[in-house]
Amino acid sequence: MPADWTAIEALPAPRLETLFAEDPNRLATFSVDVAGLHFDWSKTHLTAQAVAAFEALAKAQDLAGKREALFAGDVINTTEGRAVTHVAERGEGSVDDVAKARVLHARMRALIDAIEGEALGPIRHVLHVGIGGSALGPDLLIDALGRDDSRYDVAIVSNIDGAALEEVFKKFDPTATLLVIASKTFTTKETLTNAESVLQWMGEAGVDDVYGRVVALTADPDKAVEWGVDETRVLPFADSVGGRYSLWSSIGFPAALALGWDNFQDMLDGAGEMDRHFRQTSLSQNAPALAAFADLYYTQVRHAETRATFAYDERLRLLPSYLQQLEMESNGKGVTIDGVKLDRPSAAITWGGVGTDAQHAVFQLLHQGTHLVPVEFVAVIEPGDTLAEEHHRQLLLNAFAQGAALMKGRPNDDLARSYSGDRPSSTILLEVLDARTLGALIAFYEQRVFVNGVLLGINPFDQFGVELGKEMAKAADAGGQEFDVSTADLIKRAFG
Ligand SMILES: O=P(O)(O)OC[C@H]1O[C@](O)(CO)[C@@H](O)[C@@H]1O
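Quantities reported herein were computed from a predicted structural model and do not represent experimental measurements.

K.L.:
Tell me about the packing of aromatic side chains, residues and numbers included.
P.N.:
The full count for this structure, using the stated rule, is 16 aromatic pairs. Aromatic side chains phenylalanine 278 and phenylalanine 450 sit 6.2 Å apart centroid to centroid with 85° between the ring planes, which places their arrangement in the edge-to-face category. Note that phenylalanine 278 is positioned in helix H13 (residues 261–280) and phenylalanine 450 in helix H18 (residues 435–456), a separation of 172 residues in sequence. Relative accessible area serves as the criterion here: at 0%, phenylalanine 278 is assigned to the buried category. In this structure phenylalanine 450 comes out as buried when scored by relative accessible area, which is 4%. Site record: aromatic cluster; members linked through ring pairs are Phe39, Trp41, Phe444 and Tyr445. Taking NZ or CZ as reference, arginine 26 lies 5.6 Å from the ring centre of phenylalanine 20, over its face. In this structure, arginine 90 is placed above the aromatic ring of tryptophan 248, and the distance from its NZ or CZ to the ring centre is 4.5 Å.

Right under this line is the structure:
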């Protein structure tokens, strides 16, 4: 039976400022502090009544049961017949799954020790090829945390466009480079084509045993061995760890290498702390749940089609693109987990950028456009730079002022100069940006996606929507695809 949204759809819609005026405790009610992160949803339209209505929906959709099934390692990805065990990577799954993850982490750590000990020869550069979930997570971690003291130069290349790889070839010494091939399936065309070109580049530079410089991160170790990677340098991860949830597994290898094992472990621990919060805290004080309630209020009741995250910290500039895959590949679906058409909007389109840059580019629409866009600000109290305090002070003040301006607005008889206000935003403020808080932040987003999926009745763990385009490109490559007139013309123009 489809879930009953009537109570949620009938919620009153007072202006944000009225909500503050009516409730002196509003800030405390809609703030949560956990794992070094402060969350503030007071500038959204969430009310006690709204939270109660979402709690009732969560009950009807058995969120608590499904959450336990996630942590128990049950087969909750039913469309693919798999369990979902990324939480076990951070020590929070079933005893068996946690034990298996620990064994694989130990293997990963041993290889890192060997590389540090120069068992593969002197390595200065790490060239990681992978795409989607096999690239975005490590890229975010290294870009956020490895700016000052990365122990190796790491480049992460995903695009099959040779220009991406060539840029790295110009900077790296092929005789001191480790090739890391990250692919859950070990079949992804982009990744394998890039890997072959890296081997060729190394070979042309005179590296004798190019395969001796390759590490594979995959859930299909046999395929990696078949491809030519020595079994001792294949770092497997469980098939039940989804691609976009995989940075906690061996897919995090380049980050563990660049940042050191202790940092990698801290990241896992931070994520584990968020998992425990998610599992043990009542929904009205539960960060992932409250975030999902706000998401759903805006998509389902206010018809917001997008939501935007702005990182007011240069170190988190890759966060919006990481979230795009996590949220849209998980919940961008028009069918429920039971295989029937979804009778309401799916999750919002995720987009965003970096503050303050975005203020001078896209914020016009956020303040005055006709689209409602719930905005999320992510900022860090401790600066990531050593320049004059003024930089960080201005950065944070800008983030806070934008949220205030969106809410307050400023009426003007001249409509072109009028700000309607009542535009929602939420803020996530980190004490410091380190491996632990970043792990907690990413786990928060994952669990928020989970709650959104459960309340919408979507399976957030499959991704059939990406297959058709891939298959058609493959068939076109093999010459076996009949295309429409327009596409056939484009192919003819490009290839004759
Ligand atoms: O790790 P693989 O198997 O190379 O896949 C890469 C990415 O491709 C996708 O399957 C989408 O095309 C993602 O879900 C995944 O993260």
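K.L.:
An account of the sheet that holds strand E1 (residues 31–34) is needed here, citing residue identities and associated values.
P.N.:
The sheet built from 6 strands is open, its strands ordered E1-E2-E11-E10-E8-E9 with mixed pairing. Looking at which strands have only one partner, the edges of the open sheet turn out to be E1 and strand E9 (349–354). Geometrically, the sheet is characterised by an average inter-axis angle of 15° between neighbouring strands, direction not taken into account. Pairing of strand E8 (residues 306–312) with E9 involves 6 bridges; the strand directions are parallel. The residue of E9 that forms the bridge with phenylalanine 310 is glycine 353. Packed on one face of the sheet, helix H17 (residues 389–408) meets E8, strand E10 (375–380) and strand E11 (425–430) and runs near 160° to E10.

K.L.:
Please set out the site of the ligand residue by residue, giving values where relevant.
P.N.:
In the vicinity of the ligand lie 14 residues, with Ser134, Ser183, Thr185, Thr188 and Glu329 positioned nearest. Within the contact set of the ligand, an oxygen atom lies 2.4 Å away from a side-chain nitrogen or oxygen of threonine 188. Glutamine 325 places a side-chain nitrogen or oxygen 3.3 Å from an oxygen atom of the ligand. A class-by-class count of the residues in the shell around the ligand yields 2 nonpolar, 9 polar and 3 charged.

K.L.:
Describe in detail a negative patch on the surface, supporting the description with residues and values.
P.N.:
On the surface, Asp33, Asp262, Asp266, Glu382, Glu431 and Asp434 cluster together to form a negatively charged patch. Mapped onto the elements, glutamate 382 comes out in the loop between E10 and H17.

K.L.:
How would you summarise the UniProt feature "active site" (unreviewed entry) in the chain if you had to cite specific residues and measurements?
P.N.:
According to UniProt, the "active site" (unreviewed entry) feature falls on Glu329, His360 and Lys470. An extended arrangement is adopted by the annotated residues: their sequence extent is 142 residues, and the largest C-alpha distance between any two is 36.7 Å. Lining residues of the largest pocket drawn from the annotated set just named are Glu329 and Lys470. One can find glutamate 329 in helix H15 (residues 319–331). Judged by its relative accessible area of 23%, glutamate 329 falls in the partly exposed class. Setting aside residues no more than four positions away along its own chain, glutamate 329 makes contact with Arg244, Gln324, Asp462, Gln463 and Val466. The topology assignment puts lysine 470 in helix H19 (residues 467–477).

K.L.:
Any chance you could break down the pattern of salt bridges for me, citing the residues and the numbers?
P.N.:
One side chain can pair with another of opposite charge once the charged atoms of both are near each other. Per the stated rule, a full pass over the model turns up 27 salt bridges. Taken together, the salt bridges that share partners define one network made up of Asp295, Arg307, Glu327, Glu376 and Arg448.

K.L.:
Hey, could you go over the nonpolar core for me, with residue numbers and the actual values?
P.N.:
Among the nonpolar cores identified, the biggest contains 106 residues, and Phe39, Trp41, Phe253, Phe293, Phe444 and Leu455 are the most heavily contacted of them. Ranked by residues supplied to this core, first place goes to H18 with 14 residues. Dropping the residues within four chain positions of it, phenylalanine 444 is found in contact with Phe39, Trp41, Met274, Ala287, Pro288, Ala291 and Ile428. Judged by nonpolar contacts, the second largest core, of 25 residues, contains Val157, Phe169, Phe172 and Val229.

K.L.:
Go over the confidence of the model for the chain, please, and point to the residues and values.
P.N.:
Put simply, the chain has an average pLDDT of 96, and 99% of its residues get 70 or more. This prediction of the complex comes with two scores: 0.97 for pTM and 0.98 for ipTM.

K.L.:
Summarise unusual backbone geometry; cite the residues concerned and give the values.
P.N.:
Working note: non-glycine residues mostly have negative phi, and peptide bonds are mostly trans. The omega torsion of the bond from glycine 355 to threonine 356 falls at 10°, within 30 degrees of zero and hence cis. Checked against the element boundaries, threonine 356 lands in the loop between E9 and helix H16 (363–368). Phi angles above zero are rare outside glycine, and alanine 35 is one such case at about 55°. Overall, the relative accessible area of 15% leaves alanine 35 in the buried class. Of note, histidine 303 is a non-glycine position whose phi angle comes to about 60°, a positive value. Along the chain, histidine 303 falls in the loop between helix H14 (287–301) and E8. Here histidine 303 falls in the exposed class, since its relative accessible area comes to 58%.

What counts as what
Residues numbered from 1 in each chain as written. Predicted model: local features only at pLDDT ≥ 70, side-chain atom pairs only at ≥ 80, totals over all residues. Heavy atoms only, no water. Phe/Tyr/Trp six-rings, centres within 6.5 Å; stacked < 30°, edge-to-face > 60°. Helix = DSSP H or I, 4+ residues; strand = E, 2+ residues; numbered from the N terminus. Buried < 20%, exposed > 50% of the residue type's maximum accessible area, 1.4 Å probe, protein only. Lys NZ or Arg CZ within 6 Å of the ring centre and 35° of its normal. Pairing = 2+ DSSP bridges. Axes fitted to C-alpha atoms, helices over the stretch in contact; angles between N-to-C directions. Contact = heavy atoms within 4.5 Å. Near = heavy atom within 4 Å. Polar contact = N/O pair within 3.5 Å; in protein donor to acceptor, adjacent residues only side chain to side chain. Nonpolar A, V, L, I, M, F, W, Y, C, P; charged D, E, K, R; others polar. Patch = residues over 30% accessible without salt bridge, like charges linked within 9 Å, V, L, I, M, F, W, Y side chains within 5 Å. Areas by Shrake-Rupley, 256 points an atom, 1.4 Å probe, with all protein chains shown as cover. Salt bridge = Lys/Arg side-chain N within 4 Å of Asp/Glu carboxyl O. Lys, Arg positive; Asp, Glu negative; His and termini not counted. Charge placed at Lys NZ, Arg CZ, Asp CG, Glu CD. UniProt positions renumbered as here; feature names shortened; annotations may be inferred. 1 Å grid on protein atoms, 1.4 Å probe; cavity = no way out; pocket = protein on both sides within 12 Å on 5 of 7 lines; lining within 4 Å. Core = buried A, V, L, I, M, F, W, Y, C linked by side-chain atoms within 4.5 Å. pLDDT = per-residue confidence, 0-100.

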